[in-house]
Amino acid sequence: MQENQEKFIDLINKKISGKNLKYSILTMGCQLNENDSEKIAGMLEKMGYSEISDYKNADLVIFNTCCVRENAEERLFGKIGEIKKLKESRDTILAIGGCMMQEKGMLQKIKKSYSFVDVIFGTHTMQNLPEDIYKSLINKEKVKDVIDIDGEIYEGLPIKRNDKFKASVTIMYGCNNFCTYCIVPYVRGRERSRKPEKILEEVKQLAEEGYKEITLLGQNVNSYVGNGEIKNFADLLNEVCRIDGIERIRFISPHPKDFTDDVIDAIANNEKICKIIHLPLQSGNSKVLKSMNRKYTKEQYLNLVNKMQEKIPGVVLSTDIIVGFPEETDEEFEDTLDVVRKVNFEQIFMFIYSIREGTVASEMEQIPEDKKHERFEKLKKLYESRVDENNEKYLNTVQKLLIEGTSKNNHEMFEGRTDTNKVVIFKPNEENQIGDIVSVKITEAHKWYLKGEIVK
Ligand code: SAH
Ligand code: SF4
Ligand code: F3S
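Rules and cut-offs
- Residues numbered from 1 in each chain as written.
- Chains lettered and ligands numbered in written order.
- Predicted model: local features only at pLDDT ≥ 70, side-chain atom pairs only at ≥ 80, totals over all residues.
- Heavy atoms only, no water.
- Helix = DSSP H or I, 4+ residues; strand = E, 2+ residues; numbered from the N terminus.
- Rg over C-alpha atoms; globule rule 2.2 N^0.38 Å.
- Buried < 20%, exposed > 50% of the residue type's maximum accessible area, 1.4 Å probe, protein only.
- Contact = heavy atoms within 4.5 Å.
- Areas by Shrake-Rupley, 256 points an atom, 1.4 Å probe, with all protein chains shown as cover.
- Lys, Arg positive; Asp, Glu negative; His and termini not counted.
- Charge placed at Lys NZ, Arg CZ, Asp CG, Glu CD.
- Near = heavy atom within 4 Å.
- Nonpolar A, V, L, I, M, F, W, Y, C, P; charged D, E, K, R; others polar.
- Expected span 1.5 Å × (residues − 1).
- Domains from an automatic or database assignment.
- Buried area = accessible area lost by both parts, 1.4 Å probe.
- Salt bridge = Lys/Arg side-chain N within 4 Å of Asp/Glu carboxyl O.
- Polar contact = N/O pair within 3.5 Å; in protein donor to acceptor, adjacent residues only side chain to side chain.
- Pairing = 2+ DSSP bridges.
- Axes fitted to C-alpha atoms, helices over the stretch in contact; angles between N-to-C directions.
- Core = buried A, V, L, I, M, F, W, Y, C linked by side-chain atoms within 4.5 Å.
- Parallel < 35°, antiparallel > 145°, perpendicular 65-115°, else oblique.
- Left-handed = near helix turned anticlockwise from the far one by under 90°.

Undergrad: Pulling in residues and values, what's your account of the overall build of the chain?
TA: Tallying secondary structure elements over the chain gives 13 helices and 21 strands in all. Relative to a compact globule of 456 residues, whose C-alpha radius of gyration would be 23 Å, the chain shows 23 Å and is just as compact. Referenced to the eigenvectors of the C-alpha coordinate spread, the extents of the chain come out at roughly 60 × 60 × 50 Å. With 456 residues in all, the chain has 55% of them scored as buried. In the chain, the share of contacts with a sequence separation of at least 24, taken over all contacts with a separation of at least 6, comes to 74%. Accessible surface, the chain as shown: approximately 21,400 Å² in total, 47% of it carbon and sulfur. For the chain, the separation between the mean place of its 69 positive charges and that of its 76 negative charges on side chains is 3 Å.

Now the structure itself:
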């Protein structure tokens, strides 16, 4: 398999060398999707393409799609239309991959309405991209390379990372949970964990390259299954913490139902693990949670939060919430607001329920659109009313920041993030460099950022 990939990378490289061909990738999905895009970029660079951000000037355009919510389709089809015009003027190759290509009926739809698309590839066949592009570039074939069965985990893809100090490491693929609203298990297949030694090898390599922060990725990271000494997610966390050079560790997303005590202990015992935990709530009502198939109740969620707060000093939480799930009543929605008041989340990603064909919830009785929007606004208002208070907690505290770059609005200032993911702007001293971890005292709290001063 790997030999095949290398063969096509070389063949393309020979064909296009000296031509200065450009590629552009549009990533439409979550962090896993982004990590896949980094691997796609890694393959393309090896083939001899170089990156250009404006896809209108690219010779090869890749769309890496997402389908977790409905509006993604309209967005994609709009973009495909734009590329059609480009193809007429400069012979651009258009390749579309990612989760949406795994959706039932999607291949036929694109074939029928957008027959000019050159390559369609799925989430299980990403590693064939060099061969697929070769067929399109050299043989002028229209390529469809999507399979339904879960692919084997494919190790050793080249990778071109977006950042120099922060990196993502996928630890598992797929999902077994089948939350009734969610399409991910249908398009990403069943859970498959990477071998612990492969993950640790990747993290060690990153440390050698100077990376300071890593994020372990998966749809349900705490159901990770390892082997030997590293049996589960807690073991993996502890082991990753032992790698010198890596100073910050994040993970996303854990599932509340699998948040075992050993994971809480690992977070509490390791200074390197960031003290912000993303704990998707989805709904605060036990009946709605049951019909979402989330496998926890309101009380169990709140108990878990209490336990975390007791065992992990200074822990803060972020979450995902869906409003307007089928059959949700106003009263049931109040429970969501109640949990938000009680937990005081640092960050909430709010979503209006969106029907995904083929899921259980799509067959249930739907809520009128205006009702969903009304609830969304209510939740947003509650969340925003808490932001100031949450930010003011930081005043006069000393925070460790990873310096990420100069501030966009003021080039004399640097910008970094606390381990709880807050953006902080500060005036650097001569020694400070991007990628350093520094201590900063917070002096001002604004709505979407904090200001601070370097402390020696
Ligand atoms: N595996 C992660 C989430 C992946 S999808 C987890 O379980 O937390 C990211 C978020 O999208 C979900 O947490 C959910 O809040 C939201 N989402 C998923 N399906 C959705 C749908 N049909 N409508 C609206 N939001 C949805
Ligand atoms: Fe979707 Fe639920 Fe799996 Fe998350 S855990 S990806 S929400 S099915
Ligand atoms: Fe991610 Fe969207 Fe796929 S959320 S896993 S890119 S459907």
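Okay, back to it.
Undergrad: Give me the site of ligand 3: which residues, what numbers.
TA: Lining the immediate surroundings of ligand 3 are G29, C30, N33, C66, C67, V68, C99, R188 and Q219. Here the shell around ligand 3 is composed, by residue class, of five nonpolar, three polar and one charged.

Undergrad: Which residues make up unusual backbone geometry, and what values go with them?
TA: S253 follows I252 through a cis peptide bond whose omega is -10 degrees. If you trace the backbone, S253 turns up in the loop between strand 13 (248–252) and helix 9 (261–269). With phi around 70 degrees, E327 is a residue other than glycine that occupies positive phi space. Among the structural elements, E327 can be located in the loop between strand 15 (316–323) and helix 12 (330–343). Judged by its relative accessible area of 45%, E327 falls in the partly exposed class.

Undergrad: How would you explain helix 12 if you had to name every residue and give the values?
TA: For an α-helix, the turn length of 3.6 residues means that residues three or four places apart are oriented alike. Helix length check: helix 12, at 14 residues, gives a terminal C-alpha distance of 20 Å against a target of 20 Å (1.5 Å per residue), a fit within 8%. Those residues of helix 12 lying buried are E332, F333, T336, L337, D338, V339, V340 and V343. The inward-facing, buried residues of helix 12 abut helix 10 (286–291), helix 11 (298–311), strand 15, strand 16 (347–352) and helix 13 (369–392). In the stretch just after helix 12, N344 is the one whose phi turns positive, near 55 degrees.

Undergrad: Quick rundown of the environment of G174? Include the residues and the values.
TA: With respect to the helices, strands and loops of the structure, G174 is situated in the loop between strand 8 (172–173) and helix 6 (184–188). The exposure class of G174 is buried, given its relative accessible area of 5%. Setting aside chain neighbours within four positions, we find G174 in contact with R188, G189, R190, E191, R192 and Q219.

Undergrad: Talk me through the domain arrangement of the chain; I want residue IDs and the actual numbers.
TA: The domain boundaries assigned to the chain delineate domain 1 (2–145), domain 2 (166–390) and domain 3 (398–454). Of the residues lining the interface, 16 residues belong to domain 2; the matching set on domain 3 comes to 15 residues. In total, about 1,300 Å² of surface goes out of reach between domain 2 and domain 3, with carbon and sulfur atoms giving 49% of it. Across the domain 2-domain 3 interface, the total number found is three salt bridges. The salt bridge involving K422 is made with E346; its shortest N-O contact spans 3.8 Å. Our count for the domain 2 to domain 3 interface comes out at eight residue pairs in polar contact (both at pLDDT 80 or more). Examining the composition of the side of domain 2 that touches domain 3, we find that three residues originate from one element, helix 13, more than from any other. The residue makeup of the side of domain 2 that touches domain 3, split by class, is five nonpolar, no polar and 11 charged.

Undergrad: Hey, could you go over the side chain of T215 for me, with residue numbers and the actual values?
TA: With respect to the element layout, T215 can be found in strand 10 (residues 213–217). Apart from the residues within four sequence positions on either side, T215 is in contact with Q31, A167, S168, V169, R250, F251 and I252.

Undergrad: Give me the lowdown on the sheet that holds strand 15, citing residues and values where you can.
TA: The parallel open sheet is built from three strands, whose spatial order is 14-15-16. Looking at the sheet topology across the chains shown, the edges are occupied by strand 14 (276–278) and strand 16. In this sheet, neighbouring strand axes are inclined to one another by 15 degrees on average, regardless of whether the strands run parallel or antiparallel. Of the strand pairs in this sheet, strand 14 and strand 15 are connected by three bridges, and their pairing is parallel. Its bridge partner being in strand 15, I276 is matched across the sheet by V316.

Undergrad: Go over the nonpolar core with me, naming the residues and quoting the values.
TA: Ranked by internal contacts, the top residues of the largest apolar core, which has 71 residues, are F233 and F259. At six residues, the largest contribution of residues to this core is made by helix 8 (residues 233–241). Of all hydrophobic cores here, the second largest spans 27 residues; its members include I16, I25, A95 and Y154.

Undergrad: Let's hear about the site of ligand 1: which residues, and what values?
TA: Around ligand 1, a shell composed of 15 residues is seen, among which R69, Q219, Q282, D320 and S354 lie nearest. A distance of 2.7 Å separates a nitrogen atom of ligand 1 from a polar side-chain atom of Q219. Contacts to ligand 1 include D320, whose side-chain N or O atom sits 2.6 Å from an oxygen atom. Protein chains bury 90% of the 530 Å² of accessible surface belonging to ligand 1 in isolation.

Undergrad: Lay out the packing of helix 8 against helix 9 with the relevant residues and their values.
TA: Running from amino to carboxyl end, helix 8 crosses helix 9 at an angle of 15 degrees, the nearest separation of the two axes being 8 Å. The angle between the axes of helix 8 and helix 9 places the two elements in the roughly parallel class. Relative to helix 9, the crossing made by helix 8 is left-handed. Where helix 8 abuts helix 9, its residues F233, A234, L237 and N238 lie against D262, V263 and A266. Along the lines of polarity and charge, the residues of the contact of helix 8 with helix 9 split into five nonpolar, one polar and one charged.

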